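Secondary and tertiary structure notes
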Amino acid sequence: MFGWEGICEFVSVAEQGGFTPAARKLGVSVAQVSRQVAQLEDRLQAKLLLRTTRQVRLTELGEIYYRHCRQLLDNLYEAELAVGRHQAVPQGTLRITAPVSYGESRIAPLVNDFMVRFPQLEVTLNLTNQLLDLVHEGYDLALRLGHLKDSSLVARKLAQRVPYVCASPAYTARHGMPNSLSELTRHTCLVGNSDEWHFTLDGRPHSVRVHGLLHCNSGHALLDAALKGIGIIQLPDYYVSDHLAQGELIELLPELRAPAEGIWALYPHNRHLSPKVRLLVDYLAERLSDPHQPALVRPVG
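The structure displayed is predicted, hence computed values, not measured ones.

Per the UniProt record, "domain: HTH lysR-type" (unreviewed entry) is found at residues 10–59. Helix makes up 60% of residues 10–59 and strand 12%. Its end C-alpha atoms lie 12 Å apart.

Here it is, written out as structure tokens:
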């Protein structure tokens, strides 16, 4: 006979990677979690978890059962939220991670605006270029740039970024403009985390390896060097668009510009129905897709 006993404990162990962190997450004892999972396995007559001194991992049957249980819990959560969604106000703790530069320039100001609108929220915003494990580290939302790897997370595209190859008028006056990718490789380029720059050639993605006098993992530092005429940069539009509009930078090889890449919101399956996550993702999508739109923020109360 079907019962809920042990399902929450089993799912928590699977997602947290062990009985102790699962118990901490659920606010119960390790013994209770272990007992509930053991009784669940007895009822199913199936081994769901492989336990060693170092780790706990799912068996093949455990993987199948976990996917079904995760969907059941999500559906139950959705049913409960549907009752009070019309009066739900974002509150509690919201844990977010985003890349450093993009987080500082775009995400943090919007999150701050969102907090003005919903002062009941307590936010932890971790700006890091490391790809954190959202489930195991307890994050509600991650902002990621570019191409996504396969993941069990829910992904929503918020906006896109376009890479531009640029130089200052002072640089092009001294060194000229490259008219092809082969000419570009003979110029002084300002190199970030990768010395491979991406383009579109004959309708297909194409990469070239560049070199130069400056290597730096900061887009702002590379931008400053380009504005001072030191070399050529390839940076996303949110770094260079204002400088292009003001004539402080010139786009090079526009006909070979690389295709746009996505800016994504990622969140665990059990977060996508939370009012605070849903409303923040909607707000970010609205503002990032049209960065010149005034913030729709007003104090509550």
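With that settled, the discussion passes to the state of the cysteines. Applying the stated criterion across every chain, the model contains zero disulfides. Here Cys 69 is not disulfide-linked; the sulfur of Cys 8 is the nearest cysteine sulfur, at 9.1 Å.

Below, the discussion takes up the domain arrangement of the chain. Partitioning the chain into domains gives domain 1 (5–71), domain 2 (90–157 + 261–287) and domain 3 (162–254). The distance between the C-alpha centroids of domain 2 and domain 3 comes to 30 Å.

This brings us to the packing of helix 2 (residues 19–26) against helix 3 (residues 30–44). Here helix 2 crosses helix 3 at 105 degrees, and the two axes come no closer than 8 Å. Of the possible angle classes, the one that applies to helix 2 and helix 3 is roughly perpendicular. Across the interface between the two elements, Phe 19, Thr 20, Ala 22, Ala 23 and Leu 26 of helix 2 pack against Val 30, Val 33, Ser 34 and Val 37 of helix 3. Considered class by class, the residues forming the contact of helix 2 with helix 3 number seven nonpolar, two polar and no charged.

To continue, consider the nonpolar core. Core analysis: the largest hydrophobic core is formed by 39 residues, its most contacted members being Leu 141, Leu 143, Leu 158, Ile 233, Val 240, Leu 284 and Leu 288. The element that contributes the greatest number of residues to this core is helix 11 (residues 275–289), accounting for seven residues. There are two domains that each give this core at least three residues, and those are domain 2 (90–157 + 261–287) and domain 3 (162–254). Excluding anything up to four places from it in sequence, Leu 141 contacts Arg 95, Ile 96, Thr 97, Leu 134, Ala 265, Leu 266, Tyr 267, Leu 280, Val 281 and Leu 284. Core analysis: the second largest hydrophobic core is formed by 18 residues, Val 11, Ala 22, Val 33 and Tyr 65 among them.

Spatial strand order, 4-3-5-14-6: five strands in an open sheet with mixed pairing. At either margin of the open sheet sits one strand with a lone partner, and together these are strand 4 (121–127) and strand 6 (154–161). On average, each strand axis in the sheet is tilted by 20 degrees relative to the strand beside it, whichever way the strands run. Where strand 3 (residues 92–98) meets strand 5 (residues 141–145), two bridges bridge the pair, whose relative direction is parallel. Bridging from a neighbouring strand, Thr 97 pairs with Ala 142 of strand 5. Against the sheet, helix 5 (residues 100–117) engages strand 3, strand 4, strand 5 and strand 14 (261–267), with an angle of about 175 degrees to strand 4.

The subject of this paragraph is the packing of helix 5 against helix 11. Between helix 5 and helix 11, whose axes approach to 10 Å, the crossing angle comes to 125 degrees. One way to sum up the angle between helix 5 and helix 11 is to call them oblique. For the pair helix 5 and helix 11, the sense of crossing is right-handed. Counted together, Tyr 102, Arg 106, Ile 107, Leu 110, Asp 113 and Phe 114 of helix 5 and Lys 276, Leu 279, Leu 280, Tyr 283, Leu 284, Arg 287 and Leu 288 of helix 11 form the full contact between these two elements. The residue inventory of the contact of helix 5 with helix 11, partitioned by class, reads nine nonpolar, no polar and four charged.

Counted residue by residue, helix 1 (residues 7–16) has eight buried out of 10 residues, so it is predominantly covered. For helix 1, the set of buried residues is Ile 7, Glu 9, Phe 10, Val 11, Ser 12, Val 13, Glu 15 and Gln 16. Immediately beyond the C-terminal end of helix 1, within one or two residues, lies Gly 17, with a positive phi of roughly 85 degrees.

Applying the stated rule across the entire model yields nine salt bridges. The salt bridge involving Arg 70 is made with Glu 15; its shortest N-O contact spans 2.7 Å. With a gap of 55 residues between them, Arg 70 in helix 4 (residues 60–84) and Glu 15 in helix 1 connect regions that are remote in the sequence. Here the two residues Arg 70 and Glu 15 agree in accessibility, since each one is buried. Through salt bridges with shared partners, a single ionic network connects Glu 15, Arg 70 and Asp 74.

Time to look at helix 2. Where helix 2 is concerned, the buried positions are Phe 19, Ala 22 and Ala 23. Taken end-on, helix 2 shows its buried residues confined to a sector of 100 degrees, consistent with a single buried face. Where the residues of helix 2 are buried, they touch helix 1, helix 3, strand 1 (49–51) and strand 2 (56–58). Once helix 2 finishes, Gly 27 follows within two positions and takes phi at roughly 75 degrees, a positive value.

How each quantity is defined
Residues numbered from 1 in each chain as written. Predicted model: local features only at pLDDT ≥ 70, side-chain atom pairs only at ≥ 80, totals over all residues. Heavy atoms only, no water. UniProt positions renumbered as here; feature names shortened; annotations may be inferred. Helix = DSSP H or I, 4+ residues; strand = E, 2+ residues; numbered from the N terminus. Disulfide = S-S within 2.5 Å. Domains from an automatic or database assignment. Axes fitted to C-alpha atoms, helices over the stretch in contact; angles between N-to-C directions. Parallel < 35°, antiparallel > 145°, perpendicular 65-115°, else oblique. Contact = heavy atoms within 4.5 Å. Nonpolar A, V, L, I, M, F, W, Y, C, P; charged D, E, K, R; others polar. Core = buried A, V, L, I, M, F, W, Y, C linked by side-chain atoms within 4.5 Å. Buried < 20%, exposed > 50% of the residue type's maximum accessible area, 1.4 Å probe, protein only. Pairing = 2+ DSSP bridges. Left-handed = near helix turned anticlockwise from the far one by under 90°. Salt bridge = Lys/Arg side-chain N within 4 Å of Asp/Glu carboxyl O. Arc of directions from axis to C-beta.

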